[in-house]
Amino acid sequence: MPIIEVEHLMKDFKIAKRETGFAGALKSLVKREFITKEAVKDISFTINEGEMVGYIGPNGAGKSTTIKMLTGILVPSGGHVRVNGIVPYEDRQENAKNIGVVFGQRTQLWWDLPTIESFELLKEIYQVSNERYKENMATFIDILGLDEFLNTPVRQLSLGQRMRADIAASLLHDPPILFLDEPTIGLDVVAKERMRTFIKEINKERNITVILTTHDMEDIEQLCERMVLIDHGQKVYDGEISVVKNRFGKIRTLVVDLEESKRTLQLMNGEVFKEEANRYWIRFNREEVSASEIINQITKTHNIKDLTVEEPEIESIISRIYQEGFEEISEPVRN
Amino acid sequence: MFNYRVYWTFAKKSFLRSAVYRFDVWSRLGSNIIFLLMWGSIWTALYAGKEEAGGVSFEAMLTYIVVSQFLTGVNGAGTPLWEIQEKVRTGDIALELMRPFDVPLRYLFADFGSVAFYIVTALLPLYTVLFIFMDVALPTDWLTWVYFIIASVIGFLIRYCIEMSFGLLTFFLVETGGIEDIFYFAMSLLSGSVIPLWFFPDWLATIAIYLPFQGIYYIPNSIFIGEIAGLEILTSIGIQLFWVVVTYLVLRLIWSRASKKVIVQGG
Ligand SMILES: Nc1ncnc2c1ncn2[C@@H]1O[C@H](COP(=O)(O)OP(=O)(O)OP(=O)(O)O)[C@@H](O)[C@H]1O
Ligand SMILES: [Mg+2]
């Protein structure tokens, strides 16, 4: 059953054009000109209860804008949103009870309160029962190690501590849905790992539906089975991560360093897609041709100094999808 | 839907937080005393040994200043203008839209907490001592005390609505310097906090009478020293009630515009 429904969602921002100089300032007093920025153009997806979905896209793609519309603090310019049966912007406070939100870029805890008091405040705000509060705190303290900084004011927490406090705070009232906007940003490897373990666990054990945005593909690979890929406010791909990997997994990249030669490199079933000095990056389809065949071809005309074969990382696949679109690169190598 | 417990918790938390930031309390108390001494000596100099001026005795005038400084302390313990502006600029207030409570109300209750702490631990002890040792005229009948307390509370609410409204204007302005100037000017002069309205030139007094600021200091102070007495007390409190309603409606209007701006334009 879908718990989140997004249909032809749109968001335009009107940005007042800033005129320069005195004349410009006067002009803008009389008549202000606006530029329209289409942050989200037309996005649709549904998410089922208990799913954990990676919401991926390059900077400025419209991820945070989408999340904000799901929380109700932004009104869509068009389309429909429904979160657990509620239209978020129409009933923001009711929606708030169903969702937990973490914005990695900024805390939602009260800056000048000790962490524990922020939690106590949230307990009252969401009317969490004493027993439930104690249970949840015990769990979060246990998994996230909150006890080392519970009495420290939020403003003095390190980024990693703050993020742990923030995610615990977002879950105190047992929301069925969790929005995580870059929950691992700025964390070190250990802290990231800890965060992932925690997210995985609450998704499994509490059956919480999670939407996660991140620029770290490890997060996605470890946590999500499905990803929604967006770019310039539009959906580029929506489906299983394994499909993407299989589809593009056939592509390998061969990197060769050649000795100085006047001849250019010509290949039958590989594509040179980048070259720098005497280093060449060659893309080939593993099902059509083996690496050794390509190497043989090269050695006929050139001397190889060094070579490596690169496995495709989900990261590089995604950056290619951003650049070229999902459909266009479904045929990986064109001869 | 008014969830009393949430707001009560905000009051309680900010009461406790004030206890943590004790230095803040002491430094504020220090500056309060300095301003009291300053205005006390200015008025002593202005009276220059005369028993009375403008129909008001020196003793009553001194009492006016002491009470006024007390109320300044009370009003100053709430969230100051710059902090509201800061919270608008950083987006803290915008994010609070996501919570199941009313934002202006929650700030009011947080202020109740910090103000209560400041009154109990600093202002009351200090001003009790002052009233005992200084030559000031305390109201003799209890009803005056009651009216004074009512007028002070309404004055506090008027000030809260005005300060919050000015703070929320930050949502709409790139530069807020002018706003601050107007606010502080009105708060110190037009409110009668340091110069009672009866010393104003006629034109300025007329302006001040038609503005809400006099309800913050001038009315409670004057009730305290008996300069506003009898039936006039009730009409003055009536005027205050009128202004508290008006300023509250203005605050709600600005807040609804501000939240609309946040949810449409993203802050
Ligand atoms: N309040 C706003 N006013 C005007 N434009 C905005 C506003 N918020 C976002 N935008 C614009 O909308 C676009 C999408 O922004 P958004 O924050 O959703 O991107 P994102 O996918 O979260 O990017 P990132 O990965 O950098 O966080 C950007 O071009 C941004 O400049
Ligand atoms: Mg973002």
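No experiment lies behind these values; they were computed from the predicted model shown.

Conventions adopted
- Residues numbered from 1 in each chain as written.
- Chains lettered and ligands numbered in written order.
- Predicted model: local features only at pLDDT ≥ 70, side-chain atom pairs only at ≥ 80, totals over all residues.
- Heavy atoms only, no water.
- Helix = DSSP H or I, 4+ residues; strand = E, 2+ residues; numbered from the N terminus.
- Rg over C-alpha atoms; globule rule 2.2 N^0.38 Å.
- Buried < 20%, exposed > 50% of the residue type's maximum accessible area, 1.4 Å probe, protein only.
- Contact = heavy atoms within 4.5 Å.
- Areas by Shrake-Rupley, 256 points an atom, 1.4 Å probe, with all protein chains shown as cover.
- Lys, Arg positive; Asp, Glu negative; His and termini not counted.
- Charge placed at Lys NZ, Arg CZ, Asp CG, Glu CD.
- Buried area = accessible area lost by both parts, 1.4 Å probe.
- Salt bridge = Lys/Arg side-chain N within 4 Å of Asp/Glu carboxyl O.
- Polar contact = N/O pair within 3.5 Å; in protein donor to acceptor, adjacent residues only side chain to side chain.
- Nonpolar A, V, L, I, M, F, W, Y, C, P; charged D, E, K, R; others polar.
- UniProt positions renumbered as here; feature names shortened; annotations may be inferred.
- Pairing = 2+ DSSP bridges.
- Axes fitted to C-alpha atoms, helices over the stretch in contact; angles between N-to-C directions.
- Near = heavy atom within 4 Å.

(A) Seen up close, the overall build of chain B. In terms of helices and strands, chain B carries eleven helices and two strands. The order of helices and strands in chain B, counted from the N terminus, is α-α-β-β-α-α-α-α-α-α-α-α-α. Since a compact globule built from 267 residues should have a radius of gyration of about 18 Å, the 19 Å found for chain B is in line with a globular shape. Seen along its three principal axes, the alpha-carbon backbone of chain B occupies a region of about 60 × 40 × 35 Å. Residues counted as buried form 53% of the 267 residues belonging to chain B. Nonlocal contacts in chain B, meaning residues at least 24 apart in sequence, comprise 79% of its contacts between residues at least 6 apart. Per element, the accessible surface of chain B, about 12,500 Å² overall, is 71% carbon and sulfur. Between the mean site of the 16 positive side-chain charges and the mean site of the 19 negative ones, chain B shows a separation of 17 Å.

(B) Main features of the overall build of chain A. Scanning chain A from N- to C-terminus turns up eleven helices and 13 strands. Here chain A, with 335 residues, has 51% of them falling under the buried criterion. Across chain A, the fraction of contacts at a sequence separation of at least 24, relative to all contacts at a separation of at least 6, is 71%. Accessible surface for chain A amounts to roughly 16,500 Å². Of this, 46% is attributable to carbon and sulfur atoms. Looking at charge distribution, chain A has the averaged site of its 43 positive side-chain charges lying 5 Å from that of its 55 negative ones.

(C) Local environment of the interface of chain B and chain A. Taken residue by residue, the interface counts 28 residues in chain B and 30 residues in chain A. Both faces combined, the contact of chain B with chain A buries some 2,800 Å², and carbon together with sulfur accounts for 55% of it. At the boundary of chain B with chain A, the tally comes to three salt bridges. Residue glutamate 124 of chain A pairs with arginine 5 of chain B through a salt bridge whose shortest N-O separation is 2.7 Å. The interface formed by chain B and chain A contains eleven residue pairs in polar contact (both at pLDDT 80 or more). Elements with a contribution of two residues or more to the side of chain B that touches chain A: α1 (4-20), α5 (92-96) and α11 (231-265) of chain B. Here the element with the most residues in the side of chain B that touches chain A is α1 of chain B; it accounts for six residues. Its residues assigned to classes, the side of chain B that touches chain A comprises 14 nonpolar, six polar and eight charged.

(D) Quick peek at the UniProt feature "transmembrane region" (unreviewed entry) in chain B. Within this structure's numbering, the places UniProt gives as "transmembrane region" (unreviewed entry) are residues 29-48, 107-133, 145-162, 182-211 and 223-251 of chain B. In residues 223-251 of chain B, helix accounts for 83% and strand for 0%; the two terminal C-alpha atoms are 27 Å from one another.

(E) Local environment of the sheet that holds strand β10 (residues 251-258) of chain A. Residue and element names in this part refer to chain A. Spatially, four strands are ordered β11-β12-β10-β13 in an open sheet, and the strand pairing comes out antiparallel. For this open sheet the edge positions go to β11 (271-276) and β13 (304-310), each flanked by a neighbour on one side alone. Sheet twist, expressed as the average angle between the axes of neighbouring strands with direction ignored, equals 20°. When β11 meets strand β12 (residues 279-285), the two strands line up antiparallel, connected through five bridges.

(F) Structural detail: the site of ligand 1. Taken together, 16 residues lie around ligand 1, and Asn59, Lys63, Ser64, Thr65 and His215 of chain A are the ones closest in. Looking at what sits near ligand 1, you find residues from chains A and B. Between ligand 1 and the protein, one listed contact pairs an oxygen atom with a backbone N or O atom of glycine 60 of chain A at 2.8 Å. About the coverage of ligand 1: the protein hides 71% of its 640 Å² of free accessible area. Per-element tally for the shell around ligand 1: the top contributor is helix α2 (residues 63-71) of chain A, with three residues.

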